[in-house]
Amino acid sequence: MLTLLIHIFIKNKDDYKNPKVRQQYGELCGFFGIFLNFLLFLSKFIFGTIAASVSMIADAFNNLSDAASSCVQIIGFSLSSKKPDSEHPFGHGRIEYISGLIVSFLILLMGVNLVKTSVLSLFHPKEVTADIFSITVLVISILIKMYMYFYNHKIGKKIGAVSMEAVAKDSLSDMISTVVVLISVISTKFTTFPVDGIGGIIVGCFILKNGIDSIKETTEPLLGAAPSKEFIKEIEEELLKHKPIQGMHDLVVHDYGPGRKMISLHAEVPGDQDIFVIHEVIDEAEVAISKRFNCNVVIHMDPIDVNNHRLEGLKVILKIELAKIHEELKFHDVRMVPGIKCSKLIFDVVKPFSCTLTDDELVKEIQKLLLEKLPDMECVITVDSPYT
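Residues numbered from 1 in each chain as written. Predicted model: local features only at pLDDT ≥ 70, side-chain atom pairs only at ≥ 80, totals over all residues. Heavy atoms only, no water.

This part is about unusual backbone geometry. With omega at 10°, the peptide bond leading from K243 into P244 counts as cis. As for its position among the elements, P244 is in the loop between helix 8 (229-240) and strand 1 (247-255). Positive phi, close to 55°, is recorded for N12, a residue that is not glycine. Relative to the assigned elements, N12 resides in the loop between helix 1 (2-9) and helix 2 (19-51). Under the relative-accessibility criterion, N12 is labelled exposed at 58%. Phi angles above zero are rare outside glycine, and N294 is one such case at about 50°. Within the secondary structure, N294 sits in the loop between helix 9 (275-293) and strand 3 (295-304). (Helix = DSSP H or I, 4+ residues; strand = E, 2+ residues; numbered from the N terminus. Buried < 20%, exposed > 50% of the residue type's maximum accessible area, 1.4 Å probe, protein only.)

Shown next, in the form of structure tokens:
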């Protein structure tokens, strides 16, 4: 059914990176989710009341909260698509992340309420009446929630929507919780043990876990998560297509929402070539990366000495010695300043977060190792943070 609606209401449906198309997908899936969740709420509430099943009624209100989550999703996509203004020059894309966070808190709230209701039902149990209609409603609900999980997950991945991923996770937890409710309702035919209340507690705990996991996932882009290794590799591959660029470092990616990334990096270029030619190459690289990844790009060019054979040998020594301190240590901007009594070896070291040494301790350790290998060199070291 959703596929038919997509064909009817979304033009250029395969252009997933288009902001307008993303918004249409998000809003259409949101309205479709409201429709399905409201139908589930009505059917579960009616038959749950008839059967006097606390877990089924709780599951009904869980579906009602899911409809509210879909409303938040629609509002999030609508507001995040607003154009940049003087107060928000990078747009409003992060509102989409905030809407995903709100959905996560709604999941958490529902889990708390369900656990509370289920615990109370253990002390004040009611007789549960299981009939074929109630069981049928629950089975249909499981199938619908499975369908909702798959379409939210699939489309969320295609358009890169964190809020839709949160809704998909919510649908998955609903599907599993309804399975537990179904087992609880059926089991009342064979035992007087309060399976209904215990089932509600199990469902509530599962929903709580999904809510916490979803909060972690939606806060990552808001806090400034590091780009993926795959994304870094793709940027580097695109950059190195533009000769004579030879490498990159100090890559920083700021995420202001889907399709609103700001990238800055240092490109290593030969220091003996015409600066105007190099500048033109840098401009071309900026345009190419910007178009490929739909982002803003700023590239700083770092000239390197490509004809100094002594310097190349020093880089090999640096690589070997730094690995003795920490295998993830990296270096860049290596240059040598000749002197009468002593030459200076100047370079930057990127210290990984897993390195427990302080910056001063790291510098002293590197200088100590290099002094043994390069007694004629004075090492001037700057410690950088790993942005990637």
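Here the narrative resumes, following the displayed structure.
Next up on the list: empty space enclosed by the protein. The method is simple in principle: a probe with the dimensions of a water molecule rolls over the atoms, and the space it marks as empty is what remains. With the rule as written, the count across this model stands at one cavity of 30 Å³ or more. The space that makes up the largest cavity amounts to roughly 40 Å³. Together, N37, D66, S69, S70, K145, M148, V167, D170, S171 and D174 line the largest cavity. Among the secondary structure elements, those contributing two or more residues to the lining of the largest cavity are helix 3 (54-80), helix 5 (132-159) and helix 6 (162-187). (1 Å grid on protein atoms, 1.4 Å probe; cavity = no way out; pocket = protein on both sides within 12 Å on 5 of 7 lines; lining within 4 Å. Points joined across faces, edges and corners; volume = space filled by probe spheres on them.)

Once that is clear, we can look at the sheet that holds strand 3. Across the sheet, which stays open at both edges, the three strands sit in the order 1-2-3 with mixed pairing between neighbours. The sheet terminates laterally at strand 1 and strand 3, the two strands that pair on one side only. Each strand axis lies, on average, 15° off the axis of its neighbour in the sheet, ignoring direction. Judged from the ten bridges that link them, strand 2 (residues 261-270) and strand 3 form a sheet pairing that is parallel. Bridge assignment links K261 to a residue of strand 3, and that residue is C295. The strands touched by helix 9 within the sheet are strand 2 and strand 3, with strand 3 carrying the most contacts at an inclination of about 150°. (Pairing = 2+ DSSP bridges. Axes fitted to C-alpha atoms, helices over the stretch in contact; angles between N-to-C directions. Contact = heavy atoms within 4.5 Å.)

Going through the model one piece at a time under the given rule, you end up with eight salt bridges. In this structure, the salt-bridge partner of R292 is E238, at a minimum N-O distance of 3.0 Å. Taken as a pair, R292 in helix 9 and E238 in helix 8 lie far apart in primary sequence, 54 residues in all. When its relative accessible area of 32% is taken as the criterion, R292 is described as partly exposed. The class of E238 is buried, set by a relative accessible area of 8%. Across the pair E312 and K315 runs a salt bridge, and its minimum N-O distance is 3.7 Å. With E312 and K315 both in helix 10 (residues 309-325) and three residues apart, the pair spans about one turn of that helix. Using a relative accessible area of 22% as the deciding quantity, one classes K315 as partly exposed. If you follow the salt bridges from partner to partner, you end up with E238, K241 and R292 in one network. (Salt bridge = Lys/Arg side-chain N within 4 Å of Asp/Glu carboxyl O.)

Let us look at a nonpolar patch on the surface. Nonpolar side chains collect at one region of the surface, where F38, L42, F45, I46, I50, F61 and L64 lie side by side and expose about 610 Å² of accessible area between them. When residues of the nonpolar patch are traced back to their parent elements, those giving at least two are helix 2 and helix 3. Per-element accounting of the nonpolar patch gives the leading share, five residues, to helix 2. Its location among the elements puts L64 in helix 3. Here L64 falls in the partly exposed class, since its relative accessible area comes to 31%. (Patch = residues over 30% accessible without salt bridge, like charges linked within 9 Å, V, L, I, M, F, W, Y side chains within 5 Å. Areas by Shrake-Rupley, 256 points an atom, 1.4 Å probe, with all protein chains shown as cover.)

The next subject is the sheet that holds strand 4 (residues 330-337). Spatially, 4-5-6 is the arrangement adopted by the three strands of the open sheet, whose pairing is mixed. Because the sheet does not close on itself, it has two edges, and the strands there are strand 4 and strand 6 (377-384). The average undirected angle you get between the axes of adjacent strands in this sheet is 20°. Where strand 5 (residues 343-350) meets strand 6, eight bridges bridge the pair, whose relative direction is parallel. Looking across to strand 6, one finds that K344 is bridged to E378. Sitting on the sheet, helix 10 touches strand 4, strand 5 and strand 6, and the angle it makes with strand 4 is about 140°. Of the strands in this sheet, strand 5 and strand 6 are in contact with helix 11 (residues 359-373), which crosses strand 6 at around 150°.

Here we come to the environment of G26. Position of G26 relative to the elements: it lies in helix 2. For G26, a relative accessible area of 0% corresponds to the buried category. G26 sits 126 residues away from N152 along the chain, and the two C-alpha atoms are 9.2 Å apart. In contact with G26, not counting residues within four places along its chain, are Q73, F77 and M164.

Moving on, we come to helix 6. Helix length check: helix 6 (26 residues) gives 38 Å between terminal C-alpha atoms against 38 Å at 1.5 Å per residue, within 8%. In terms of residue burial, helix 6 counts as a mostly covered element, since 21 of its 26 residues are buried. (Expected span 1.5 Å × (residues − 1).)

There is about 1200 Å³ of room inside the largest pocket. Broken down by secondary-structure element, the contributors of at least two residues to the lining of the largest pocket are helix 4 (94-123), helix 5, helix 6, helix 7 (195-223), helix 8, strand 1 and helix 9.

Turning to the nonpolar core, a few remarks are in order. Grouped together as the largest cluster of nonpolar side chains are 21 residues, with contacts concentrated most on I235, L239, I245, L251, I263, L265 and I299. Residue assignment for this core shows that the elements contributing at least two residues are helix 8, strand 1, strand 2, helix 9 and strand 3. Per element, the largest residue contribution to this core is six residues, and it comes from helix 9. I325, L362, I366 and C379 belong to the second largest nonpolar core, which has 19 residues in total. (Core = buried A, V, L, I, M, F, W, Y, C linked by side-chain atoms within 4.5 Å.)

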